[in-house]
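What follows is each chain in one-letter form.
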Amino acid sequence: SRRFKEKFGLGFSDYLRRQRIAQAQTLLRSGDARVAQVAAAVGFRDEKYFSRVFKEQTGRSPADFRARAAGL
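The rules behind the values
Residues numbered from 1 in each chain as written. Predicted model: local features only at pLDDT ≥ 70, side-chain atom pairs only at ≥ 80, totals over all residues. Heavy atoms only, no water. Helix = DSSP H or I, 4+ residues; strand = E, 2+ residues; numbered from the N terminus. Buried < 20%, exposed > 50% of the residue type's maximum accessible area, 1.4 Å probe, protein only. Contact = heavy atoms within 4.5 Å. Areas by Shrake-Rupley, 256 points an atom, 1.4 Å probe, with all protein chains shown as cover. Lys, Arg positive; Asp, Glu negative; His and termini not counted. Charge placed at Lys NZ, Arg CZ, Asp CG, Glu CD. Axes fitted to C-alpha atoms, helices over the stretch in contact; angles between N-to-C directions. Parallel < 35°, antiparallel > 145°, perpendicular 65-115°, else oblique. Nonpolar A, V, L, I, M, F, W, Y, C, P; charged D, E, K, R; others polar. Expected span 1.5 Å × (residues − 1). Arc of directions from axis to C-beta.

1. Digging into the overall build of the chain
Next, step 1: What the chain contains, in helices and strands, is five helices and zero strands.
Next, step 2: Sequence-ordered secondary structure for the chain, helices as α and strands as β, is α-α-α-α-α.
Next, step 3: Within the chain, the proportion of its 72 residues that are buried is 21%.
Next, step 4: Long-range pairs, those at least 24 residues apart, make up 44% of the contacts in the chain between residues at least 6 apart in sequence.
Next, step 5: Carbon and sulfur atoms provide 45% of the accessible area of the chain, an area that totals close to 5,300 Å².
Next, step 6: Both charge centroids of the chain, one from 16 positive and one from 7 negative side chains, sit 4 Å from each other.

So this is what it looks like as structure tokens:
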């Protein structure tokens, strides 16, 4: 755990969460999957928790992120 933090600058849970949100951003940009489907695809069981974590990381809700990525 300490070595992981030294190498990546953050703990494993935070690293994993960031990776999942990055993958979710890709899925939201490129597809028409519902937010619940995107959440499940990146490893979140609870859509509401996913939305909260997504907003903490990006500053936008998943739906807002998708709309802005689509240029709406």
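2. What to know about the packing of helix 2 (residues 12–30) against helix 4 (residues 47–58)
For any two helices packed against each other, one specifies the inter-axial angle together with the distance between the axes.
Next, step 1: Contact geometry of helix 2 with helix 4 gives a least axis separation of 10 Å together with a crossing angle of 95°. When the axes of helix 2 and helix 4 are compared, the pair comes out roughly perpendicular. Judged by residue contacts, Arg 17, Arg 18, Ile 21, Ala 24, Gln 25 and Leu 28 of helix 2 engage Tyr 49, Phe 50, Val 53, Phe 54, Gln 57 and Thr 58 from helix 4.
Next, step 2: Partitioned by chemical class, the residues of the contact of helix 2 with helix 4 number seven nonpolar, three polar and two charged.

3. A word on helix 4
An α-helical turn contains 3.6 residues, so a residue and the one three or four places further along point in the same direction.
Next, step 1: With 12 residues, helix 4 ought to run about 16 Å at 1.5 Å a step, and its terminal C-alpha atoms sit 16 Å apart, in line with that.
Next, step 2: Every buried residue of helix 4 is accounted for by Phe 50, Val 53 and Phe 54. Projected down its long axis, helix 4 shows its buried positions confined to an angular sector of 105°, all on one face. Counted as exposed and oriented over 90 degrees from the buried face of helix 4: Lys 48 and Glu 56.
Next, step 3: Of the residues one or two after helix 4, Gly 59 is the one with positive phi, at around 85°.

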